[in-house]
Amino acid sequence: MPVYTTSAIVLRRMNFGETDRIVTLYSREYGKLGAIAKGARKGLSRFAAATELLAYGRYQLATGRTLDVLSQVEIKESFPSIHTNLSKVAHATYLAELVDKMLEERDPNPNIFDLLLSTLYLMERPNDPEKITLMFELQFMKALGYEPILDRCLRCGASQSNSTELFFSPSLGGLVCRVCGPLPEDAIPITGPAVRAMQELISADARAVEQMEIPPATISQISHVMRWYIRYRADRDMKSREFLDSLKLG
Amino acid sequence: MHYARPLAKLVGALERLPGIGPKSAQRLAFHLLHISEDETRSLIEAITEVKEKITQCKVCYNFAEADICNICSSPKREKDTICVVAEPRDIIAIEKTNEFRGTYHVLQGVISPMDGIGPDMLRIRELMARITGGGIKEIILATNPTIEGDTTAMYLAGILKPLGVKVTRIAHGMPVGGDMDYADQATLIRALEWRREI
Ligand SMILES: [Zn+2]
Ligand SMILES: [Zn+2]
């Protein structure tokens, strides 16, 4: 059996048989892949912590007939601060589901891998997990080729930077004005500060994001727009979104 | 592979059991095909009896033979301490230690956002009702140290503490017989955080 090693983050796992686990890894070199971790649920197993959701490490895998088999692992980071903060763990779980649902197997994209990893490190630090999640959503959509148009109307091209009345259409993928025609049915009103924060978030590096201060009202506006935009692109809602919403209400 | 129709039906039924793949299902089916009539009857009886006689305890949601389980109805158990677990099998594990004298509450699962399992699908309302009923001093959260177990424990701590009850979480750290060198960072951090004087 050929053996290979890759840097990866655990996106999903499920119990299998008496003591095994099947994991979905997002690897930098090979993209999303499924692997079986034998004995991972035994207390003393080296694989127990390495197959925990969001664990990041170097994984050695042996090519199997249906699933590759985990043979060795070295954990680099298990994000203990995320694990001990309810809001952080809920947001990070959502990120893992987003990557799992939006990407095909064995379709590597090192940029997305690096984005996910740096996002988890940002969340591990004392940052607002909601802001970090919005940065991830915007940059992730951009990396997938769905960068939203935020500076002009995507129907007539008119600049929207001085416009007081702004609308975002999830199906069209950006801003639309009501000068060039009736608003599309899915148009969501959005404020200028929210659009500017989205523009900043989409290109900001880790340090810049940490320093950005976005008022809660603006955060929730962007969050609303991104939820509909991602739902349109993914053609479904992320299941973990529901729990996030319940935390915000309670 | 083509089975005779009744055999295919059995293999299909066994395959739906947890932890049983197509190969194990086939092996079990062939085994069952060869056991004696007596063995067959006692297996069928055992399954029927479990289905007929085992119900849920109306207090803690553990399996029970009556409305109230043996633990909840025992005068020897301390009713002011409730140990919250995910599944009835966790009770069996804790009971084996012979160390715990309180009672239990079975959530019947853990919060698992990715699978769409939220707090309202667990026996949390029933736990709150037990606490607001009075006489409870301590709630011990004994879910697994996994993302879902931690999420559930943190969620419960958030809603139980305002009720004025002491909420604790079972310690997680180095496994007995474990090797420091093997432990991951999260395990070591917890082991250090929850250290105690000896
Ligand atoms: Zn226009
Ligand atoms: Zn009971």
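What you see is a predicted model; the values in this text were computed from it and never measured. (Residues numbered from 1 in each chain as written. Chains lettered and ligands numbered in written order. Predicted model: local features only at pLDDT ≥ 70, side-chain atom pairs only at ≥ 80, totals over all residues.)

Novice: Give me the overall build of chain B: which residues, what numbers.
Specialist: Regarding its fold elements, chain B presents eight helices and six strands. Listed N to C, the secondary structure of chain B is α-α-α-β-β-α-β-α-β-α-β-α-β-α in terms of helices and strands. Relative to the 2.2 N^0.38 estimate, which gives 16 Å for 198 residues, the radius of gyration of chain B is 21 Å and therefore markedly larger than a compact globule would have. Its C-alpha atoms give chain B principal-axis dimensions of roughly 60 × 45 × 35 Å. Burial status across chain B gives 23% buried among its 198 residues. (Helix = DSSP H or I, 4+ residues; strand = E, 2+ residues; numbered from the N terminus. Rg over C-alpha atoms; globule rule 2.2 N^0.38 Å. Buried ≥ 20, exposed ≤ 12 C-beta atoms within 10 Å, placed from the backbone.)

Novice: Describe the sheet that holds strand 6 (residues 166-169) of chain A, with residues and values.
Specialist: All names here are of chain A. Spatially, three strands are ordered 7-6-8 in an open sheet, and the strand pairing comes out antiparallel. Looking along the sheet, the strands with just one partner apiece sit at the ends: strand 7 (174-176) and strand 8 (188-190). Taking the axes of each pair of neighbouring strands and ignoring which way they run, one obtains an average angle of 50 degrees across the sheet. Two elements, strand 6 and strand 8, share three bridges in a ladder whose sense is antiparallel. Bridge pairing in strand 8 links Leu166 to Ile190. Against the sheet, helix 8 (residues 216-234) touches strand 6 and strand 8, its axis set at about 150 degrees to strand 8. (Pairing = 2+ DSSP bridges. Axes fitted to C-alpha atoms, helices over the stretch in contact; angles between N-to-C directions. Contact = placed C-beta atoms within 7 Å.)

Novice: Break down the sheet that holds strand 5 (residues 138-141) of chain B for me, citing the residues and quoting the values.
Specialist: Residues and elements named next belong to chain B. The strand order across the open sheet formed by four strands is 4-3-5-6, and the pairing between neighbours is parallel. Of all strands in the sheet, those bounded by a partner on one side alone are strand 4 (103-106) and strand 6 (166-169). On average, each strand axis in the sheet is tilted by 25 degrees relative to the strand beside it, whichever way the strands run. Relative to strand 5, helix 7 (residues 147-160) is tilted by about 165 degrees, and along the sheet it contacts strand 3 (81-85), strand 5 and strand 6.

Novice: How would you explain unusual backbone geometry if you had to name every residue and give the values?
Specialist: Residues and elements named next belong to chain B. Although it is not a glycine, Tyr61 sits at a positive phi angle of roughly 65 degrees. By the element assignment, Tyr61 lies in the loop between strand 1 (55-56) and strand 2 (63-64). One non-glycine residue with positive phi stands out, namely Gln108, at about 65 degrees. The topology assignment puts Gln108 in the loop between strand 4 and helix 6 (124-132). Here Gln108 falls in the partly exposed class, since 17 other C-beta atoms lie within 10 Å of it.

Novice: Mind laying out the packing of helix 6 (residues 192-203) of chain A against helix 8 of chain A, listing which residues take part and the relevant values?
Specialist: All names here are of chain A. Where helix 6 meets helix 8, the axes come as close as 9 Å, and the angle between the chain directions of the two elements is 70 degrees. In terms of orientation, helix 6 lies roughly perpendicular with respect to helix 8. Between helix 6 and helix 8, the contacting residues are Pro193, Ala194, Ala197 and Met198 on the first element and Thr218, Gln221 and Ile222 on the second. Across the contact of helix 6 with helix 8, the residue classes break down as five nonpolar, two polar and no charged. (Parallel < 35°, antiparallel > 145°, perpendicular 65-115°, else oblique. Nonpolar A, V, L, I, M, F, W, Y, C, P; charged D, E, K, R; others polar.)

Novice: Before we move on, could you go through the nonpolar core and cite the residues and values that matter?
Specialist: Core analysis: the largest hydrophobic core is formed by 101 residues, its most contacted members being Leu25 and Leu54 of chain A together with Val84 and Val85 of chain B. The biggest single contributor to this core is helix 3 (residues 86-102) of chain A, with eight residues. Val84 of chain B has contacts with His105, Leu107, Leu127, Ile139, Ile140, Leu141, Ala142 and Leu156 of chain B, leaving out every residue within four places of it along the chain. (Core = buried A, V, L, I, M, F, W, Y, C linked by C-beta atoms within 7 Å.)

Novice: With reference to specific residues and values, describe the confidence of the model for chain B.
Specialist: Here chain B averages 91 in pLDDT, and 98% of its residues register 70 or above. Confidence estimates for the predicted assembly give a pTM of 0.89 and an ipTM of 0.90. (pLDDT = per-residue confidence, 0-100.)

Novice: Help me get a handle on the domain arrangement of chain A, residues and values and all.
Specialist: Residues and elements named next belong to chain A. Partitioning chain A into domains gives domain 1 (3-77) and domain 2 (81-148 + 183-249). The C-alpha-based centres of domain 1 and domain 2 are spaced at 26 Å. Each partner contributes residues to the interface: domain 1 has 14 residues there, and domain 2 has 17 residues. Among the secondary structure elements, those contributing two or more residues to the side of domain 1 that touches domain 2 are strand 1 (3-16), strand 2 (20-27) and strand 3 (31-37). In terms of residue class, the side of domain 1 that touches domain 2 is made up of eight nonpolar, two polar and four charged. (Domains from an automatic or database assignment.)

Novice: Hey, could you go over the interface of chain B and chain A for me, with residue numbers and the actual values?
Specialist: With 24 residues of chain B in contact, the opposing surface of chain A contributes 23 residues. Every element with two or more residues in the side of chain B that touches chain A is listed here: helix 7 and helix 8 (185-193) of chain B. Element by element, the count of residues in the side of chain B that touches chain A is highest for helix 7 of chain B, at six residues. Broken down by class, the residue content of the side of chain B that touches chain A amounts to 11 nonpolar, 10 polar and three charged.

Novice: An account of the domain arrangement of chain B is requested, with residue identities and associated values reported.
Specialist: Assigned domains within chain B: domain 1 (5-52) and domain 2 (78-192). The distance between the C-alpha centroids of domain 1 of chain B and domain 2 of chain B comes to 35 Å.

Novice: How would you summarise the packing of helix 5 (residues 129-143) of chain A against helix 8 of chain A if you had to cite specific residues and measurements?
Specialist: Residue and element names in this part refer to chain A. At a minimum axis separation of 10 Å, helix 5 and helix 8 run at an interaxial angle of 35 degrees. Two packed elements cross with a definite hand, and for helix 5 against helix 8 that hand is left-handed. Residues Glu130, Lys131, Leu134, Glu137 and Met141 of helix 5 pack against Ile219, Ile222, Ser223, Met226, Tyr229, Ile230 and Arg233 of helix 8. In terms of residue class, the contact of helix 5 with helix 8 is built from seven nonpolar, one polar and four charged. (Left-handed = near helix turned anticlockwise from the far one by under 90°.)

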